[in-house]
Amino acid sequence: MTNDARPAGGTRARRRAAVLAAVGGCALVAAGTTPAAAHPAGHGHRLAYVALGDSYTSGPGIPTQVDAGCARSDRNYPSLVARRVRPTTLTDVSCSGATTVQMWQAQGTNRPQLDAVSRHTDLVSLQIGGNDVGFGAIIATCARLRVQDPAGSPCERFYEASGQDALALAVRQTAPKITEILRAVHARAPHARVVVVGYPDLLPDDGAGCFPQVPFAQGDFAYLRDTEKRLNLMLRTVAGRNRAAYADTYGPTVGHDMCKAPADRWIEPLQPAAPAAPAHPNARGEEAMAGAVLHRLAGNRGHR
């Protein structure tokens, strides 16, 4: 962690103005369209953007993959945000499989993600925590347990067998890790604008199921939906307490979850029909998340 002195208030204001100038006055990126380019952020301004995150950020399976080790796409939402904001530099170190640990520890050839953040950084986006809670293991467990009670909630019973909800506990235990990351980001880049990015709507918001497309028991769809909402609420709360904005990607993606028809979904099911990893955003999902980030950078609080 660096010990750089905090820049003077005027410098911070100019840097923040540069970020806002790059996105202010623009229309929200429409879902299903690629963000259009914007003019650079003012005369003589530099804008350094660093993207931190896991596979929901990196865009595994979405063409074109530019980093095989991290399954990173050049059409992920940081790349789309950069096309609109036109930063001087985009340093995207997001990596599939990353947990909060990878902020400080290398992941294969990907250096610790926080190494990319410095006193020259003006904008940071952070989307992390899903793997700490155990997205992959949860999907595998719930699919396996379905046969025990297809119409019930065997996965919920499994995670609550100890008398408390193990997934709710995992979310609570992840909160201080997100806090630590945000404090480290602010220490390394005191003048940067920081945006915590939530996770998109993976399952039907009304709790309906869609077996066999998504192989969970009927009652577990609502349970897993609520678990994701709990994770997003935690991210929003921690962001607000640590001088970071929060980009809601859940609201704008409702109705485009992995249970929907291929033409309507922005999240692919366990057997993807579009180029994307199972249970991950496809190209349209990444576009929707880019729109949410740009919307938040522009200072808007609504979903659309």
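Residues numbered from 1 in each chain as written. Predicted model: local features only at pLDDT ≥ 70, side-chain atom pairs only at ≥ 80, totals over all residues. Heavy atoms only, no water.

Chemist: Let's hear about helix H3 (residues 77–85): which residues, and what values?
Modeler: An α-helix turns once every 3.6 residues. As a result, residues three or four positions apart point the same way. Across the 9 residues of H3, 8 count as buried, placing the element largely inside the fold. Taken together, the buried positions of H3 are Tyr-77, Pro-78, Ser-79, Leu-80, Val-81, Ala-82, Arg-84 and Val-85. Phi turns positive one or two residues past the end of H3, at Arg-86, with a value near 60°. (Buried < 20%, exposed > 50% of the residue type's maximum accessible area, 1.4 Å probe, protein only. Helix = DSSP H or I, 4+ residues; strand = E, 2+ residues; numbered from the N terminus.)

Chemist: Please set out the packing of helix H7 (residues 166–188) against helix H8 (residues 220–241) residue by residue, giving values where relevant.
Modeler: Across the interface, H7 lies against H8 with an axial gap of 9 Å and an inter-helix angle of 25°. Viewed along their axes, H7 and H8 adopt a mutual orientation that is roughly parallel. Once H7 is placed against H8, the crossing between them reads as right-handed. Counting all contacts with H7, which are made through Leu-167, Ala-168, Val-171, Thr-174, Ala-175, Ile-178, Thr-179 and Leu-182, the residues of H8 involved are Tyr-223, Leu-224, Thr-227, Arg-230, Leu-231, Met-234, Leu-235, Val-238 and Ala-239. Among the residues making up the contact of H7 with H8, the classes are represented as 13 nonpolar, 3 polar and 1 charged. (Axes fitted to C-alpha atoms, helices over the stretch in contact; angles between N-to-C directions. Parallel < 35°, antiparallel > 145°, perpendicular 65-115°, else oblique. Left-handed = near helix turned anticlockwise from the far one by under 90°. Contact = heavy atoms within 4.5 Å. Nonpolar A, V, L, I, M, F, W, Y, C, P; charged D, E, K, R; others polar.)

Chemist: I'd like a description of the side chain of His-191, backed by residues and values.
Modeler: Along the chain, the position of His-191 falls in the loop between H7 and strand E6 (193–197). Looking at His-191, the relative accessible area reads 8%, which means it is buried. At a separation of 2.8 Å, a polar atom in the side chain of His-191 contacts the main-chain carbonyl oxygen of Thr-121. Here Asp-122 takes part through its side chain, which lies 3.3 Å from a polar atom of the side chain of His-191. (Polar contact = N/O pair within 3.5 Å; in protein donor to acceptor, adjacent residues only side chain to side chain.)

Chemist: Requested: an account of the pattern of salt bridges, with residues and values cited.
Modeler: With the rule as written, the count across this model stands at 10 salt bridges. Between Arg-75 and Glu-287 there is a salt bridge; the shortest N-O distance is 3.3 Å. Taken as a pair, Arg-75 in the loop between strand E3 (72–73) and H3 and Glu-287 in helix H10 (residues 283–297) lie far apart in primary sequence, 212 residues in all. Owing to a relative accessible area of 31%, Arg-75 belongs among the partly exposed residues under this scheme. You can call Glu-287 buried: its relative accessible area is 5%. For Lys-177, the salt bridge identified is with Asp-132, shortest N-O distance 3.8 Å. (Salt bridge = Lys/Arg side-chain N within 4 Å of Asp/Glu carboxyl O.)

Chemist: Which residues make up the sheet that holds strand E1 (residues 48–53), and what values go with them?
Modeler: Here 5 strands make up an open sheet; going across it, the order is E4-E1-E5-E6-E7 and the pairing parallel. One side of each edge strand has no neighbouring strand; the edge strands of this open sheet are strand E4 (89–92) and strand E7 (245–247). When the angles between neighbouring strand axes are averaged without regard to direction, this sheet yields 20°. With 4 bridges joining them, E1 and E4 adopt parallel strand pairing. If you follow Tyr-49 over to E4, its bridge partner there is Leu-90. Relative to the sheet, H8 contacts E6 and E7, its axis offset from that of E7 by approximately 155°. (Pairing = 2+ DSSP bridges.)

Chemist: Pulling in residues and values, what's your account of helix H5 (residues 135–145)?
Modeler: All of the buried residues in H5 are Phe-135, Ile-138, Thr-141, Cys-142 and Leu-145. Along H5, the residues classed as buried sweep out an arc of 130° about the axis, all on the same side. On the buried face of H5, the contacting elements are helix H2 (55–58), helix H4 (130–133), helix H6 (154–159), H7 and H8. (Arc of directions from axis to C-beta.)

Chemist: So, the state of the cysteines: which residues are in play, and what are the values?
Modeler: Cysteine pairs can be covalently joined through their sulfur atoms, and such a bond is termed a disulfide. For the coordinates displayed, the defined rule picks out 3 disulfides. Each sulfur of the disulfide joining Cys-142 and Cys-155 lies 1.9 Å from the other. Between Cys-142 and Cys-155, the S-S torsion sits near -50°, and that sign places the bridge as left-handed. Of this pair, Cys-142 sits in helix H5 while Cys-155 sits in helix H6; the two residues are 13 residues apart in sequence, bridging distant segments of the chain. Each member of the pair, Cys-142 as well as Cys-155, carries the same accessibility label: buried. Covalently, Cys-210 is tied to Cys-259 through a disulfide, its sulfur atoms 1.9 Å apart. (Disulfide = S-S within 2.5 Å.)

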